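Listed here are the chains, written in short residue letters.
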Amino acid sequence: MKNFVLGFLATVLLILIVPLTYLRLGAAEVRGDVRAPSWESRLMRFARHASVTRSAQGIQNPLPHSDEQLIAGAKMYLDGCAGCHGRPGRPARNRIAYAPPPEFAHVGSPYREPELFWVVKHGIRRTGMSAYASFYSDQQVWQLVEFVQQMNNLPPAVFDAIQPERP
Amino acid sequence: MKKFITGSSCAIVFLAIALAAYLALGFMDVAADRRPSALEAGFMTASLEASVRRRAPQMQNPLANSDDTLIAGGKLYLNDCVGCHGGPGQPPSHFGATFYPPAPQFPSAGTQFSEAQIFWVAKNGIRMTGMYPQGASYSDSQLWSLAAFISRARNLPPAVVKSIQPPLSK
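Given the structure is predicted, the values throughout are model-derived calculations rather than measurements.

Here the focus is the overall build of chain A. A tally of helices and strands in chain A yields eight helices and zero strands. Secondary structure elements in chain A, listed N-terminal to C-terminal, are α-α-α-α-α-α-α-α. The globule rule puts the C-alpha radius of gyration for 167 residues at 15 Å, and the 21 Å found for chain A is more than 25% above it. For chain A, the spread of C-alpha atoms along the principal axes amounts to about 75 × 35 × 25 Å. Of all 167 residues assigned to chain A, the portion counted as buried reaches 31%.

Moving on to the overall build of chain B. A count of helices and strands for chain B gives eight helices and zero strands. Mapped from its N terminus to its C terminus, chain B presents α and β elements in the order α-α-α-α-α-α-α-α. Taking 170 residues into account, the globule formula puts the C-alpha radius of gyration at 15 Å, and chain B, at 21 Å, lies well above it. Principal-axis analysis of the C-alpha atoms places the extent of chain B at approximately 75 × 35 × 25 Å. Counted over contacts in chain B with a minimum sequence separation of 6, partners at least 24 positions apart contribute 64%.

What follows concerns the domain arrangement of chain B. Domain annotation for chain B reports domain 1 (1–29) and domain 2 (57–164). Domain 1 of chain B and domain 2 of chain B are separated by 43 Å when their C-alpha centres are compared.

Now for the nonpolar core. Formed by 58 residues in total, the largest nonpolar core has its most connected members in A:V120, A:V145, A:V148, B:V121, B:L146, B:A147 and B:I150. For this core, the secondary structure elements donating two or more residues are helix 3 (67–80), helix 6 (113–122) and helix 7 (138–150) of chain A together with helix 2 (38–55), helix 3 (67–80), helix 6 (115–124) and helix 7 (140–151) of chain B. Setting aside its immediate chain neighbours within four residues, B:A147 contacts B:N61, B:E115, B:I118, B:F119 and B:A122.

This brings us to the interface of chain A and chain B. Contact with chain A, which involves 45 residues of that partner, is made by 44 residues of chain B. At the level of elements, helix 1 (2–24) and helix 2 (38–55) of chain A are the ones that each hand at least two residues to the side of chain A that touches chain B. Among the elements that take part in the side of chain A that touches chain B, helix 1 of chain A stands out by supplying 12 residues, more than any other. For the side of chain A that touches chain B, the per-class residue count stands at 22 nonpolar, 14 polar and nine charged.

Attention now goes to the packing of helix 6 of chain A against helix 7 of chain A. All names here are of chain A. Contact geometry for helix 6 and helix 7: axes closest at 9 Å, N-to-C directions at 125°. For the element pair helix 6 / helix 7, the angle class is oblique. When the axes of helix 6 and helix 7 are compared, the crossing they make is right-handed. Contacts from E113, L116, F117, V120 and K121 of helix 6 reach helix 7 at V141, W142, L144, V145, E146, V148 and Q149. The residue inventory of the contact of helix 6 with helix 7, partitioned by class, reads eight nonpolar, one polar and three charged.

All names here are of chain A. With respect to burial, helix 6 is a largely interior element, eight of its 10 residues being buried. When we look at burial in helix 6, the residues that qualify are E115, L116, F117, W118, V119, V120, K121 and H122. Taken from the residues just after helix 6, G123 is the one with a positive phi, measuring 75°.

Thresholds applied
- Residues numbered from 1 in each chain as written.
- Chains lettered and ligands numbered in written order.
- Predicted model: local features only at pLDDT ≥ 70, side-chain atom pairs only at ≥ 80, totals over all residues.
- Helix = DSSP H or I, 4+ residues; strand = E, 2+ residues; numbered from the N terminus.
- Rg over C-alpha atoms; globule rule 2.2 N^0.38 Å.
- Buried ≥ 20, exposed ≤ 12 C-beta atoms within 10 Å, placed from the backbone.
- Contact = placed C-beta atoms within 7 Å.
- Domains from an automatic or database assignment.
- Core = buried A, V, L, I, M, F, W, Y, C linked by C-beta atoms within 7 Å.
- Nonpolar A, V, L, I, M, F, W, Y, C, P; charged D, E, K, R; others polar.
- Axes fitted to C-alpha atoms, helices over the stretch in contact; angles between N-to-C directions.
- Parallel < 35°, antiparallel > 145°, perpendicular 65-115°, else oblique.
- Left-handed = near helix turned anticlockwise from the far one by under 90°.

Now the structure itself:
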């Protein structure tokens, strides 16, 4: 029994010390233009998704869905988000290899509306996604979220309304 | 000895299950507007700096150490960096503080990095932060002028500050 406990503790210590030493000696890759191994990106995506889902529990969209909300959301999106996340019909000129911002115009979003709302407000730690709660009201964030969810499937009237004006 | 190995194996299985449960149940806090513990933040910052020191070239800035270099770098800085990293003579960037890790405020806080390390970070970016790589947007020579500027952002010659100010609008 004594040997069992010793083996258990020694292994726990070793498993803690090795990665901490690896990090502290500067052995970890930090370049943002190098892709992470796919097991790492997948594991982090999985854990992030689980955390966002948990955090957004109980949040509900109070706004009725309407074309006006979508148009208001589109204006904010094109101003503030399109640079990294792409605009409808045009992919972003994206240079961030890790963690890459999701290209909503191509792949949509893996999140439901309350989860997107939470992400926009609080940001995502250790990514380029900053927290926007101090820049937009809750109502504006909901408008933004509705647009993101529907941007690949917009009502024609909304699509026309958000096209840049031709000179 | 056999019991020691059994204990060791149990520890591996136990830690693997604990980690998987922690991640899968969503306990890894991802909010950028909440700070991790000072211990975690300090350790990760030290690790990041250690990695940059290990990888960045050890060399002098190949550009002339002159006001012209600082002015060229300053103009780039005011175009592309100021939004997150703050401008000379301005309060710290509010936008830069909404990331985690927050963007370092060079004009107020300076930086520990050498010019070669600043050059390397600007060119390659930093993984798992908002610092995206600039190597595709700027030439090496432009990035060296930027590094010279950032390195002295807390202590710029007045002539440089004056000549990079945007013209006053009427």
